[in-house]
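# Summary of the model geometry
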Amino acid sequence: VQVPQRRGILAEFPTSIFELAVLGVSVANRLYWRAVMPFLHLGPILVPTYGLMLALAMLVAYYVLRADLARRGIAPKDSSAAEAFIAIHCLVGIIGATLYHVLESPRELFADPFGQLFSRYGLAWFGGLIAGVAAFVWLARHRKIPLLDMLDAGSAAAALGYGVGRIGCLLA
């Protein structure tokens, strides 16, 4: 018994469940591996995509926080309040994320402390959250801004900045 040949566009479709599964995995692998770009190559310069998206997240969060502080009457738009809140709490958050990651694996820390502390990799989300919120609260109290008003003003900026930063995680 001869099976008739499929012609035209039907000739390219899989004929069994197994072929369909293999095709799906193959397509998914091609899409996934093409989406991952840990570095942008700009001539001799390597730009890490995670760092680029982290900087973009800080910039977006700055503009949102600046507008929200002005809208609530906490600080005028031309003041440096939003700059200080974003810069200080983001830098402290990065330090906290690094320390949390390093303290999660003490054996690796004791084997190579300098390499672990100053690595370009390994940021733990919880450490960044703890340290960033602590810095944000400290700065609000230091500037004598009501804490609940400041946390309310910073929530939209934090959510948007977090979303942009997570895109960087997916790219890296």
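All values reported here derive from a predicted model rather than from experimental measurement.

Definitions and cut-offs
- Residues numbered from 1 in each chain as written.
- Predicted model: local features only at pLDDT ≥ 70, side-chain atom pairs only at ≥ 80, totals over all residues.
- Heavy atoms only, no water.
- Pairing = 2+ DSSP bridges.
- Helix = DSSP H or I, 4+ residues; strand = E, 2+ residues; numbered from the N terminus.
- Buried < 20%, exposed > 50% of the residue type's maximum accessible area, 1.4 Å probe, protein only.
- Contact = heavy atoms within 4.5 Å.
- Axes fitted to C-alpha atoms, helices over the stretch in contact; angles between N-to-C directions.
- Left-handed = near helix turned anticlockwise from the far one by under 90°.
- Nonpolar A, V, L, I, M, F, W, Y, C, P; charged D, E, K, R; others polar.
- pLDDT = per-residue confidence, 0-100.
- Core = buried A, V, L, I, M, F, W, Y, C linked by side-chain atoms within 4.5 Å.
- Salt bridge = Lys/Arg side-chain N within 4 Å of Asp/Glu carboxyl O.
- Patch = residues over 30% accessible without salt bridge, like charges linked within 9 Å, V, L, I, M, F, W, Y side chains within 5 Å.
- Areas by Shrake-Rupley, 256 points an atom, 1.4 Å probe, with all protein chains shown as cover.

## Structural notes on the pairing of strand β2 (residues 45-48)
For a regular strand, side chains alternate in direction, first toward one face of the sheet and then toward the other. Relative to β2, strand β1 (residues 39-42) runs antiparallel, the two sharing four bridges. Directly across from Leu-40, in β2, lies its bridge partner Val-47. The turn linking β1 back onto β2 is made up of two residues, and Gly-43 within it adopts a positive phi angle of 65 degrees.

## Side note on the environment of Leu-40
Tracing the backbone shows Leu-40 in strand β1. By relative accessible area, Leu-40 is classed as partly exposed at 27%. Considering only alpha carbons, one finds Leu-40 and Leu-52, 12 residues apart in sequence, at a separation of 9.5 Å. If near-sequence neighbours (up to four positions away) are discounted, Leu-40 is found in contact with Ile-45, Leu-46, Val-47, Thr-49 and Leu-52.

## What about the packing of helix α3 (residues 81-104) against helix α6 (residues 125-142)?
When two helices pack together, their arrangement is given by the angle between the helix axes and by the axis-to-axis distance. Viewed as axis vectors pointing N to C, α3 and α6 meet at an angle of 145 degrees, and their least axial separation amounts to 7 Å. In terms of crossing hand, the pair formed by α3 and α6 is right-handed. Within the contact between the two elements, α3 uses Ala-84, Phe-85, Ile-88, His-89, Val-92, Gly-93, Gly-96, Ala-97 and Tyr-100 and α6 uses Phe-126, Gly-127, Gly-128, Ala-131, Gly-132, Ala-135, Phe-136, Leu-139 and Ala-140. Residues of the contact of α3 with α6, tallied by class, amount to 12 nonpolar, six polar and no charged.

## Details of the confidence of the model for the protein
Counting all residues, the mean pLDDT for the protein is 83, and 78% of those residues have values of 70 or more. When mean pLDDT is taken per element in the protein, α6 scores highest with 94 and helix α1 (residues 17-35) scores lowest with 54.

## Description of the nonpolar core
Across soluble globular proteins, nonpolar side chains have a tendency to be buried as a group. Core analysis: the biggest nonpolar cluster contains 18 residues, and Leu-65, Leu-69, Ala-82, Phe-85, Ile-86 and Met-150 have the highest contact counts within it. Looking at this core, the elements with two or more residues in it are α2 (49-72), α3, α6 and α7 (147-171). It is α3 that contributes the most residues to this core, six residues altogether. Residue contacts for Phe-85: discarding those within four places in its chain leaves Leu-65, Phe-136, Leu-139, Ala-140, Arg-143, Ile-145 and Met-150.

## Quick word on the pattern of salt bridges
The full count for this structure, using the stated rule, is three salt bridges. Here Asp-68 and Arg-72 are joined by a salt bridge, their closest N and O atoms 3.2 Å apart. Placement of the pair is Asp-68 and Arg-72 together in helix α2, with a separation of four residues, close to one helical turn. Residue class for Asp-68 comes out buried when judged on its relative accessible area of 8%. Linking Arg-72 and Asp-152 is a salt bridge whose minimum nitrogen-to-oxygen distance equals 3.0 Å. With Arg-72 in helix α2 and Asp-152 in helix α7, this pair connects stretches of sequence that are 80 residues apart.

## What to know about a nonpolar patch on the surface
A contiguous nonpolar patch, built from Tyr-100, Trp-125, Phe-126, Leu-129, Ile-130, Val-133 and Tyr-162 and spanning about 690 Å² of accessible area, is present on the exposed surface. At five residues, α6 tops the list of elements feeding residues into the nonpolar patch. Looking at the secondary structure, you find Tyr-100 in helix α3. For Tyr-100, a relative accessible area of 33% translates into the label partly exposed.

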